[in-house]
Every structure is written in structure tokens, then in C-alpha cells.
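# Secondary and tertiary structure notes
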Amino acid sequence: MKFNFVKTSVAICCLIFVQIYGIQDASGKRIISKYERIMQMYPQPDMGSESSQWRSAGKDMQHPCKRECVDQQPMTCYYYLVVHYDDTMAATCKRLLQTKYRFKLANGKEYIDSSKVAANDDCKYADGLDSKVMVVNGRLPGHSIEVCYGDTIVADVINSMHETTTIHWHGMHQRLTPFMDGVPHVTQYPIEAGQAFRYRFQVDHGGTNWWHSHTEHQRAFGLAGPLIVRQPAKLNPHAHLYDFDQTEHVIMIQDWVHNFVESVAENILINGRGRNMKKGSKVRPTLYAHFPVIRGGRYRFRVIFNGVSNCPISLSIDNHDLVVIASDGNDIEPVEVQKIMFHGAERFDFVLHANQEVANYWIRIKGYSFCAKNQLHQEAVLHYQDADPKALDTHTLSYAYDAPGIMLNELGDDTGGNSAQSISLATLNAQRAEPVMKPAATFYTSMNAFQITGEGFRFQMDDITFSMPKMSLLQTRNLGIGQYFCNSSQQAHMGFNCKQRHCQCSNVIQVPANKNVEFVISSKSNTPHPVHLHGYTFQVVGMGVLGETKIGQIEEIDRLKALPRRGRSAPLKDSVQVPAFGYTIIRFYSDSPGYWMFHCHISPHSESGMAAVVRVGEDVQMKMCPVSNCGLCSSVS
């Protein structure tokens, strides 16, 4: 397959120019970004002799750990991550408003030529509106960490903000290092303002993963990025299906708010870019995310949904089929669809064959549930090489447009089976068939959101509003903290009926170690909830809808006549939807003792109490942190 040498050479020269001379405004004056000023305050220190074998890279340089993976040749990959406040449409963006970057279409609207803007450009353009953001190393979304299975990641996280933060490595099992999971007051103490934390862990789960803040709503404001784990081609069952697996085809989608306002989503961004959807706001030219392909090529796309509010989305690409090959980093038997539904925290990988005429094609994202109220939709451009980047047909860009074809993982998905227009997630087959796990224990847990007159909404699991403990559970587990735990059976033993009174405490579900465990998770509200279990990949063995009148009796129904469950080949996930007034049944082998967060991945829900902690095993079975401060450093200012 041939590449356009001239275009490639120009792109490389532009990158070298930016690295040497920095970003310049229209008059040629160098623009100093907020990130550069932050780095002057927090310069990367000399790491000493310990780091002599670590691999690292400077800003905008390719990291040596992003490589062709070779079996049994791991690397230690170092990253210096400064968390800081920043702004969209800052000085580094103003140059893109120059005439040479802009063009106008027949609809009268102006656009930025995205083919002239590098994917790693320092400009955080977003939707063209001025907004405060939280970012790592000046990027929105955060830069992609790309490693090989078995590597060790060493990440120094420097908190330059005036509030606490942590980083969760979503998809990593942390089997050897449960204290590196990144949940404040559960697996670590939060990183205070001016402090640093060294995360160090072995990469123990492959595929498309991601990293994000696990503190309050910070990932809604920009603190998130891809974590891509590749493996040698001989160990990749789908390697023969595609020709390219590149950073340029990693897609990160999130619903978007402005200026740290924790409200209903006002927009959707694709790789930090998109059209402004806020009515009555200042209108600037639109900068779309841009995904280049060459006609005839087969491309692996990796899509991550940083869903923050109650806003599941669908993805489709005009005139192209999507051959789905993985979900949450786990290989599945390929299935061809035209649309994929994403619930919060889910990832899907698909192969796209660029077999259409040379042109530009819309990548379409459509929001549902709360995003439907504002009719939120967003687009990006699939750009065939040699197509005119300014040739964009915008007449079908509306919320009313519904892409034709088959949908995977539809809203309200259940085990009723596939139809002509829908494929249920629960019917997918894992690429490597796992043996049938007969559970040694089944746990029934519920998720609920309901309104109390004069109080507002309550968000609960097991009829308990979760309250975060004041101390880190994993670090202080030998200090008698168990007396402060609660759960539904403990509350009932104390005479408290949590269905009639407000139970608010640190809900901890005790699970025995080294057992086949089953969770039957129900949603007692009229909306689906995406649930995420830290530390594990689980089998999705059942999914269905019982309805509002029956869902409260799910345990009795299941014990009287077992709900449908799959046998072999159930798909593997770490995040999955629980349908409205329905249930999802998951199974896993509890071979990683620790305290693992278990929560709805809709941020306002989990932060308001729709969460619990799964305590696997006894305290003596849990791994100790090898250093006294467990990665937490003193002030770095």
C-alpha cells in the first residue's frame, strides 16, 4: 500500500518546526501556553540511577514504548504527568482563526480545515467556546499512553491544582498492585495540591483501556485519556483482519459541559473537538476531529466512551460497515454491524475497510436519554487521502437523522435475542471460550435513583447511599476499620429498613477469595445504569428486563425459577449496562484480594451514592504496599 510521500514529508516538517520554534501567532510572535508555564514551576527532575533502564520521551516525541510488541521483551515505560487547570480557546487557538485555516460552505457556516491541524496540537479548541478545563500536560483529551502487554508503567502524577486528584487506570486488573488502582480513600490517599504520586504497575490486561481521574467529576472537565495495550501479532487472534492499528484511529468521545458546571450535558466532543451546540452562545468556526484513511486499507478503530452524565451514545460511519472485534479490551468473535451503542466507560474496537469512493464521510455520534433533551449529536470526518478536505456535505447533519442498519448493544438491550435491526451484547461470543463457571456464591445487588419530595434525588446501591470513608480502606485495613462498614444485611440485622429510612454509610460487600462468584445486578429505576467493577474482567452471562412491578422481587423470582444464563463463550467485560427495570448477571473468579470499587459510571450517580466496595478475601490475603507512603510524595513545589 502506497503513502503520499509529499503529504507525509510536509506533516513531518511542520511537526519539527513546531518543536523547534513553538507555536506562533499571525505576527510570528511565539505563544507560550499555560502548560509551558506550569512546567517551569514543576520541571521534570533527574530520576537518578533507578531510571537508567526506563523508557521515556519528551513532549510531542514518540514514546519508545509505542512499538511493535515482541513476546517476552517487556519495557519499563515512564511518564511525567502534570495535572493542571487550563482553558479552551486560549492564545494557542487564536492562530487557527486566521483566514488561511478557515473556509465557508454553502450553508453559510465557517469551518477550520482540520487537515492542517495536527492531532497533538496544543490548542484545546473543543466546541469553540471559552471554558475552564482540567488537563494533563496541556492536552484535551489526555495523550494516548501506548504500551505492550507485560510492560511496567511508571507514572509520576504531579498535582498543580488547588484540589485533590487521583488517576484510575481503567481496565488494568492491578493483581500485583491493588494499591495502584487510583480510588481515593479506597486504595490510596488522594493526591493533595502540590503533591506527587508515583503509580507503578505491571500492564496485566490488553486491548483498549483508558486512564481518568477518579475524583469527583474531574474526568468531565478533561482529565482522561486512552491507554492502549498491544500484543505480539502471533498472539492477536484478529491481526489478519486489518492492516493498520494506529494512534490516529483512537477515538475518545465524551459528553461535555462548560466551566466546571456539573449539569446536563451541553455538547458531545470527539477527540476534544466538535460543533458548538449551545444556543445563544458565541459562534466560532467549527473544528471537526479528522481521521485519515487510504482507499483499500483496513483499519482498526479503538473507541472509548468517557460518558459522564446519563447520556448513552450511538456511533456510525456513513456508507461503511463496522466489524466489531473487541469490547473493553477483550476479543470477541467478529460481528458486522452499522451502529454501536456505548454506555458509560465502554470500549469497542472495530475494523473499517476503506472500500468506498475517495471522499469525506461523516462519523456520527448521537446522544440518548438526557442528551436527547437537548438533541445532542456530533460529527467527525473520515477523510480518504486525496479527497478535498473542504468538501463536506452538511445537509443531513441533524438529530433527526438516524443511520440505517443493525445496532449492537442497543439501549435497553436484553437477552430476548437478536432481531433484524439489533444484536444483543449478551449474545456475543468471546474469542476464546471460557469454561462454564458454576458459582459458589450469588450476590443480589440493586441500583436505584428516585426523587424525594423536598429533598431531590437519591442515588443508591442495595438501598444504601454510599458515603466515602475518611481513611483509605486498603492502607488502614489492619486498624479495625471494619466496624465502620455497612451493607444491606448488616443494616437489617440492626433493625434498619433501608427501603423506608435513608441509610447512608460505606457499603462494603464481602466476597470470599478464590471462588467462582456471581452478581445479579438490577436497576430499579426507569433508566439503564452502566456498572463498572474495578480489578476484574467478568463474564456477562445474562441480561433481561422484568418490568417495574417485578424487578423488586428479582431474588425471589430467580430462586423460584432461574433467570436465563449463558454457558460457554459468554462475552468478557469490565463495564456493562444494567437495563431499566432489568438486570445483568456477571461472573468472575475472585482471585485478586483487595478493596475494589463497584459503581455506576454515570458520574453524578456514583458521586451521589450509587456505589459500593467489593471486599475480596480477608485483610491478611491482601498485598501490602512495598513502600511506607505507597507512592505518595511530599510537596513538589
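Residues numbered from 1 in each chain as written. Predicted model: local features only at pLDDT ≥ 70, side-chain atom pairs only at ≥ 80, totals over all residues. Heavy atoms only, no water.

## A look at the overall build of the chain
As a reminder of what qualifies: Strands here mean DSSP runs of E at least two residues long; helices mean DSSP runs of H or I at least four residues long; both are numbered from the N terminus. Exposure is judged per residue with a 1.4 Å probe applied to protein chains only, and the accessible area is read against the type maximum: over 50% gives exposed, under 20% gives buried, and values in between give partly exposed. Between two residues, a contact is recorded if the distance between any of their heavy atoms is within 4.5 Å. With residues, only the protein chains shown are counted as cover, and all accessible areas are computed by Shrake-Rupley using a 1.4 Å probe. Residues scored as positive are Lys and Arg, those scored as negative are Asp and Glu, and His as well as the terminal groups of each chain are ignored. Charge positions come from single atoms, namely NZ of Lys, CZ of Arg, CG of Asp or CD of Glu.
Per the secondary structure count, the chain includes seven helices and 39 strands. The C-alpha extent of the chain, read off along each of the three principal axes, is 75 × 60 × 55 Å. Within the chain, the proportion of its 637 residues that are buried is 58%. Considering only intrachain contacts with a sequence separation of at least 6, the fraction spanning at least 24 residues in the chain is 77%. Surface accessibility of the chain: about 26000 Å² in total, with carbon and sulfur atoms responsible for 52%. Where the 61 positive side-chain charges of the chain centre and where its 60 negative ones centre are 2 Å apart.

## Here's the deal with the sheet that holds strand E17 (residues 298-306)
The line we're drawing: Pairing between two strands is assigned when DSSP locates at least 2 bridges connecting them. To define axes, lines are fitted to C-alpha atoms, for helices over the stretch in contact only, and angles between the resulting N-to-C directions are given on a 0 to 180 degree scale.
As summarised here, the arrangement of the six strands in space is E15-E14-E17-E22-E19-E20, forming an open sheet in which the pairing is mixed. Only two strands of the sheet have a single partner each, and these edge strands are strand E15 (267-270) and strand E20 (330-337). Each adjacent strand pair in this sheet contributes to an overall mean axis angle of 25 degrees, direction not counted. Relative to E15, strand E14 (residues 250-256) runs antiparallel, the two sharing four bridges. Following the sheet pairing, Trp256 is matched in E15 by Asn267.

## Brief notes about the environment of Cys600
Looking at the secondary structure, you find Cys600 in strand E38 (residues 594-600). Taking the C-alpha atoms as reference, Cys600 lies 8.6 Å from Gly344; in sequence the two are 256 residues apart. Beyond its immediate stretch of four places on either side in the chain, Cys600 contacts Met447, His529, Pro530, Val531, His605, Ser606 and Met610.

## Brief notes about the state of the cysteines
As a reminder, the rule being used: The criterion for a disulfide is a pair of cysteine sulfur atoms lying within 2.5 Å.
All chains considered together, the criterion is met by six disulfides. Residue pairing for Cys65: its cysteine sulfur links by disulfide to Cys77, the two sulfurs lying 2.1 Å apart. Across the S-S bond of Cys65 and Cys77 the torsion is about -100 degrees, and the bridge reads as left-handed. In this pair, Cys65 sits in the loop between strand E3 (54-55) and strand E4 (76-87) while Cys77 sits in strand E4, placing the two residues 12 residues apart along the sequence. Accessibility classification places Cys65 together with Cys77 in one group, the buried group. Disulfide partner of Cys93: Cys123, at an S-S distance of 2.1 Å. Taking the sign of the S-S torsion, 105 degrees for the link of Cys93 and Cys123, the bridge is right-handed. Placement of the pair is Cys93 in helix H3 (residues 91-94) and Cys123 in the loop between strand E6 (110-112) and strand E7 (132-136), with a sequence separation of 30 residues. The two residues Cys93 and Cys123 agree in class, both being buried.

## Re the pattern of salt bridges
What counts here: By definition, a salt bridge exists where a carboxyl oxygen of Asp or Glu is found within 4 Å of a side-chain nitrogen of Lys or Arg.
Using the criterion set out here, one finds 33 salt bridges in the structure. One salt bridge connects Asp349 with Arg300, and the closest N-O pair in it is separated by 2.8 Å. Of this pair, Asp349 sits in strand E22 (residues 347-353) while Arg300 is found in strand E17, placing the two residues 49 residues apart along the sequence. Assigned by exposure class, Asp349 and Arg300 land together as buried. Between Arg364 and Asp318 there is a salt bridge whose closest N-O contact spans 2.7 Å.

## Let's talk about the pairing of strand E39 (residues 611-616)
When you tally the buried positions in E39, you get six out of six residues, the bulk of the element. Residues of E39 alternate between two faces, with Ala611, Val613 and Arg615 on one and Ala612, Val614 and Val616 on the opposite face, all of them buried. Strand direction decides the pairing type here: strand E31 (residues 503-511) and E39, joined by four bridges, are parallel. Within the sheet, the bridge partner assigned to Ile509 lies in E39 and is Val614. Here E38 runs beside E39; their pairing, made up of six bridges, is antiparallel. Pairing of His599 across the sheet is with Ala611, part of E39.

## Overview of the side chain of Ser213
Applicable threshold: In protein, a polar contact requires one atom able to donate a hydrogen and another able to accept it; more generally it is a pair of N or O atoms within 3.5 Å, and residues adjacent in sequence count only if both atoms are side-chain atoms.
With respect to the helices and strands, Ser213 occurs in strand E12 (residues 207-213). Within the structure, the side chain of Ser213 is placed 2.7 Å from the side chain of Gln218, a separation counted as a polar contact. Setting aside residues up to four positions removed in sequence, Ser213 forms contacts with Thr165, Thr166, Ile167, Gln218, Arg219 and Leu223.

## Details of a nonpolar patch on the surface
The following threshold applies: To count toward a patch, a residue needs a relative accessible area above 30% and no salt bridge. Like charges then connect within 9 Å, nonpolar side chains (Val, Leu, Ile, Met, Phe, Trp, Tyr) within 5 Å.
A surface patch of nonpolar side chains, amounting to about 300 Å² of accessible area, comprises Tyr189, Met471 and Tyr484. Along the chain, Tyr189 falls in the loop between strand E10 (167-170) and strand E11 (196-202). On the accessibility criterion, Tyr189 (33% relative accessible area) is partly exposed.

## Describing the packing of aromatic side chains
For the record, the criterion: Pairing of aromatic rings covers Phe, Tyr and Trp, the last through its six-membered ring, and needs centres within 6.5 Å; plane angles under 30 degrees mean stacked, over 60 mean edge-to-face, and all others mean tilted.
Going through the model one piece at a time under the given rule, you end up with 21 aromatic pairs. With a centroid separation of 4.9 Å and an interplanar angle of 20 degrees, the aromatic rings of Phe244 and Tyr299 are classed as stacked. Taken together, the positions of Phe244 in the loop between strand E13 (224-230) and E14 and Tyr299 in strand E17 put the pair 55 residues apart, joining distant regions of the chain. Taking the relative accessible area as the measure of exposure, Phe244 reaches 12% and is therefore buried.

## A look at the side chain of Ser309
Position of Ser309 among the secondary structure elements: in the loop between E17 and strand E18 (313-317). Within the structure, Ser309 has its side chain in polar contact with the side chain of Asp255 (distance 2.4 Å). Aside from chain neighbours lying at most four places away, what touches Ser309 is Asp255, Ala265, Ile602 and Pro604.

## As for the environment of Gly495
Mapping Gly495 onto the fold places it in the loop between helix H5 (488-493) and E31. A residue is classified by how much of its surface remains accessible, and Gly495, at 61% relative accessible area, is exposed.

## Let's talk about the confidence of the model for the chain
For clarity, the cut-off: Across the chain, each position has a pLDDT score giving the predictor's confidence in that residue, from 0 to 100.
Chain-level statistics for the chain give a pLDDT mean of 90 and a share of 94% at 70 or above. Here residues 1-21 is modelled with pLDDT under 50, and outside its nearest four sequence neighbours on either side it reaches 20 contacts, counting other chains as well.

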